[in-house]
Amino acid sequence: MDGKKQVNLQIKTANPNDALVVASLVMDLTTEICFRCNDQKQFHRDTALTSDLCALWISDNCYTALIAYAHEKPIGVATIAESYALYAGGKIGIIQEFYVAPDHREQGVGNKLIDVALSLAAERDWACMELCTPPLPEFKQTIDFYQKYDFISVGGRKMRRQCKPA
């Protein structure tokens, strides 16, 4: 934790009323990725649409969002979708978005979020957890963080094809 002290931290499982908080944190994440990778077209960023989708998916129980709070201020988020994979032998959890505000990094926030996410995986009896990392070399520290939790590179690269107009 590089000499920074831990914050007074609470992790809350979001409900549909928290969708705007989740959306705002996800917007911060995508903005940072686009900035650091110098690619402003990487994500469709629309806070209202993101909030609406988040509320719908949480209501439908197909999406879980964990929000980290320090002194009642939202400072981090992990969003997780459940899916199925024959190669994994069953249901899997996919961490879709994972973000800690820059001024709260290296204070144990990411550690607590990942611990709660992995507990959720055990509760739901998922065969594995997967995630996609942002690109290297810009996000090497992110990859190092996940490797501390035994996430391993399984090769390949995340690819996307738009099926609807942005």
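Residues numbered from 1 in each chain as written. Predicted model: local features only at pLDDT ≥ 70, side-chain atom pairs only at ≥ 80, totals over all residues. Heavy atoms only, no water.

Visitor: What is the right way to look at the overall build of the protein chain in this model?
Guide: A count of helices and strands for the protein chain gives four helices and five strands. For the protein chain, the succession of helices and strands along the chain, N to C, is β-α-α-β-β-β-α-β-α. Looking at the protein chain as a whole, 38% of its 166 residues are labelled buried. Put simply, of all contacts in the protein chain between residues at least 6 apart along the chain, 64% involve residues at least 24 apart. (Helix = DSSP H or I, 4+ residues; strand = E, 2+ residues; numbered from the N terminus. Buried < 20%, exposed > 50% of the residue type's maximum accessible area, 1.4 Å probe, protein only. Contact = heavy atoms within 4.5 Å.)

Visitor: Quick question: what am I supposed to make of the sheet that holds strand S2 (residues 63-70) here?
Guide: The strands making up a sheet associate through backbone hydrogen bonding, with each pair oriented either parallel or antiparallel. Strand order in the open sheet formed by five strands is S1-S2-S3-S4-S5, and the pairing between neighbours is mixed. A single partner strand is all that each edge strand has here, and the edge strands are strand S1 (9-13) and strand S5 (128-131). Pairs of neighbouring strands in the sheet enclose a mean axial angle of 25 degrees, with direction left out of account. In this sheet, S5 lies alongside strand S4 (residues 90-100) in parallel orientation, the contact comprising four bridges. Along S5, the bridge assignment pairs isoleucine 95 with leucine 131. (Pairing = 2+ DSSP bridges. Axes fitted to C-alpha atoms, helices over the stretch in contact; angles between N-to-C directions.)

Visitor: I would appreciate a short explanation of the pairing of S2 in the present structure.
Guide: Moving residue by residue along a regular strand, the side chains alternate between the two faces of the sheet. Burial analysis of S2 places eight of its eight residues in the buried class, which makes it a mostly covered element. The alternating pattern of S2 places Tyr63, Ala65, Ile67 and Tyr69 and Thr64, Leu66, Ala68 and Ala70 on opposite faces, both of which are buried. Bridge analysis of S2 against strand S3 (residues 73-85) gives eight bridges, and the strand direction is antiparallel. Each residue of the ladder has a partner; that of alanine 70, found in S3, is lysine 73.

Visitor: Could you clarify how one ought to interpret the pairing of S4 in this entry?
Guide: Summarising the sheet, S3 and S4 pair through ten bridges and their orientation is antiparallel. For alanine 81, the partnering residue across the bridge sits in S4 and is isoleucine 94. Remark: four residues form the turn of the hairpin made by S3 and S4, two consecutive strands paired antiparallel; glycine 89 in that turn has positive phi of roughly 85 degrees. Crossover handedness for the path S4 to helix H3 (residues 109-123) to S5: right-handed. (Right-handed = clockwise from strand over helix to strand, strands pointing away.)

Visitor: Is there a simple way to think about the packing of helix H1 (residues 19-37) against helix H2 (residues 47-59) in this case?
Guide: Each packed pair of helices is defined by two parameters, the angle between the axes and the distance between the axes. As a packed pair, H1 and H2 sit with axes 8 Å apart at the nearest point and diverge in direction by 130 degrees. One way to sum up the angle between H1 and H2 is to call them oblique. Both H1 and H2 take part in a crossing whose hand is right-handed. Between H1, through Ala19, Leu20, Val22, Ala23 and Met27, and H2, the contact on the second element is made entirely by Thr47, Thr50, Ser51, Cys54 and Ala55. Partitioned by chemical class, the residues of the contact of H1 with H2 number seven nonpolar, three polar and no charged. (Parallel < 35°, antiparallel > 145°, perpendicular 65-115°, else oblique. Left-handed = near helix turned anticlockwise from the far one by under 90°. Nonpolar A, V, L, I, M, F, W, Y, C, P; charged D, E, K, R; others polar.)

Visitor: What should I look at first to understand the environment of phenylalanine 139 in this one?
Guide: Position of phenylalanine 139 relative to the elements: it lies in the loop between S5 and helix H4 (140-148). Taking the relative accessible area as the measure of exposure, phenylalanine 139 reaches 5% and is therefore buried. If we skip the residues at most four places from it in the chain, phenylalanine 139 touches Glu32, Ile33, Arg36, Cys37 and Pro134.

Visitor: Quick question: what am I supposed to make of the side chain of serine 51 here?
Guide: With respect to the helices and strands, the residue serine 51 is situated in helix H2. Other than its neighbours up to four places away in sequence, serine 51 contacts Ala19, Leu20 and Ala23.

Visitor: Is there a simple way to explain the packing of H3 against H4 in this structure?
Guide: The interhelical angle for the contact between H3 and H4, taken along N-to-C directions, is 45 degrees, at an axis separation of 11 Å. Here H3 lies oblique to H4, going by the angle between them. With respect to the hand of their crossing, H3 and H4 are arranged in right-handed fashion. Facing H3, whose interface residues are Gly110, Asn111 and Ile114, H4 presents Phe145, Tyr146 and Lys148. Looking at the contact of H3 with H4, its residues break down into three nonpolar, two polar and one charged.

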